[in-house]
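As a plain string of letters, each chain reads:
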Amino acid sequence: MCEQGALIGFRVVGGKRYLRCQLCEATLMARENWLSPEEERAVYDLHNNDPGDSGYRAFLEKLALPMIERTPSGAVGLDFGCGPGPALAEILRESAMDVSLYDPFFCPEPSVLQRQYDFVTCTEVVEHLHSPAKVFAQLDGLLKPGGWLGIMTCFQTCDERFDNWHYRRDPTHIVFYRETTLRLVAERMGWVMSVPCKDVAIFYKPL
Ligand SMILES: [Zn+2]
């Protein structure tokens, strides 16, 4: 994640090896245990991301509401890693946000990555990244100065509960961040981070 800390063996769970970065405290699944892109896609196809589902909507509002609070109406944004259903974009559009979509599997439109945005949202995405440091740098490039980045991912907290943690059990989840990991990212990128609620981090890119 930080590309600087030493990785040490952390756990082996169900034949999968996990490593821990001693500097940023990210936990990573060893590369040999990653799914192939085809297997990964098959898991995503099982996800139910229906914007009409009220539980799912409440889940997305954990990120959407703090973003709406911070950005002016009419702000132009990108939902990076939108998945199969543009549920988050629909919530933001109800607040007059202009939202473009990008997803490497479901919406692979590279031209949207050539612009800069007032805000970028990234829900349930960063835990899947093969090259997290590279993608965080890309996210920085997608943000205008004065822009906001919203990330939602289950923060990793208790090591004793890691083996049975539901988030770990998803075989497409290969990077787990502690709050301290994300604070280190913010510091490196020159962003200001806040945590408005559990598992949500909002970053401000200063002017
Ligand atoms: Zn690290």
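Residues numbered from 1 in each chain as written. Predicted model: local features only at pLDDT ≥ 70, side-chain atom pairs only at ≥ 80, totals over all residues. Heavy atoms only, no water.

- You'll find the chain entered in an unreviewed UniProt entry as Class I SAM-dependent methyltransferase, with Marinobacter salexigens given as the organism.

### Concerning the sheet that holds strand β4 (residues 76-80)
- Pairing within the open sheet is mixed, and its six strands lie in the order β5-β4-β6-β7-β10-β9. The sheet is open, and its two edges are formed by β5 (98-102) and β9 (192-197), each paired on a single side. Each strand axis lies, on average, 20 degrees off the axis of its neighbour in the sheet, ignoring direction.
- As judged from the five bridges shared by β4 and β5, these two strands associate in the parallel manner. For Leu 78, the partnering residue across the bridge sits in β5 and is Ser 100.
- Packed onto the sheet, helix α3 (residues 87-94) meets β4, β5 and β6 (117-123) and runs at close to 170 degrees relative to β5.
- Lying on the sheet, helix α6 (residues 179-189) is in contact with β9 and β10 (200-204); it crosses β9 at an angle near 150 degrees. (Pairing = 2+ DSSP bridges. Helix = DSSP H or I, 4+ residues; strand = E, 2+ residues; numbered from the N terminus. Axes fitted to C-alpha atoms, helices over the stretch in contact; angles between N-to-C directions. Contact = heavy atoms within 4.5 Å.)

### Topic: the state of the cysteines
- The full count for this structure, using the stated rule, is zero disulfides.
- As a non-bridged cysteine, Cys 122 has Cys 82 as the owner of its nearest cysteine sulfur, 11 Å distant.
- Look at Cys 122 and you get buried, because its relative accessible area is 0%. (Disulfide = S-S within 2.5 Å. Buried < 20%, exposed > 50% of the residue type's maximum accessible area, 1.4 Å probe, protein only.)

### Some thoughts on the packing of aromatic side chains
- Tallied over the entire structure, the rule returns 15 aromatic pairs.
- With a centroid separation of 6.3 Å and an interplanar angle of 55 degrees, the aromatic rings of Tyr 18 and Phe 176 are classed as tilted. With Tyr 18 in strand β2 (residues 16-21) and Phe 176 in strand β8 (residues 175-176), this pair connects stretches of sequence that are 158 residues apart.
- Among the aromatic residues, those joined into a cluster by ring pairs are Phe 10, Tyr 18, Phe 162, Trp 165, Tyr 167 and Phe 176.
- Looking at Arg 11, its charged tip hangs above the ring of Phe 10, at a distance of 4.9 Å from the centre.
- Here the basic side chain of Arg 20 rests over the ring of Phe 10, its NZ or CZ set 4.2 Å away from the ring centre. (Phe/Tyr/Trp six-rings, centres within 6.5 Å; stacked < 30°, edge-to-face > 60°. Lys NZ or Arg CZ within 6 Å of the ring centre and 35° of its normal.)

### Describing the side chain of His 128
- With respect to the element layout, His 128 can be found in the loop between β6 and α4 (132-142).
- According to the relative accessible area criterion, His 128 is buried, its value standing at 12%.
- The residues contacting His 128, other than those within four sequence positions of it, are Glu 40, Tyr 44, Thr 172, His 173 and Ile 174.

### A few points about the sheet that holds strand β3 (residues 27-29)
- Reading across from one edge, β1-β2-β3-β8 is the order of the four strands in this open sheet, with antiparallel pairing throughout. Each edge of the open sheet carries a strand with a single partner, namely β1 (7-13) and β8.
- Inspection of the sheet shows β3 paired to β8 by two bridges, in the antiparallel sense. From the neighbouring strand, Leu 28 faces β8, where its bridge partner is Val 175.

### Notes on the environment of Leu 19
- Examined against the element boundaries, Leu 19 turns out to sit in strand β2.
- By relative accessible area, Leu 19 is classed as buried at 16%.
- Between the C-alpha atom of Leu 19 and that of Ile 8, which follows or precedes it by eleven residues, the distance is 5.5 Å.
- Ignoring anything within four residues of it in the chain, the contact list for Leu 19 reads Leu 7, Ile 8, Gly 9, Phe 10, Ala 26, Thr 27, Leu 28 and Ala 30.

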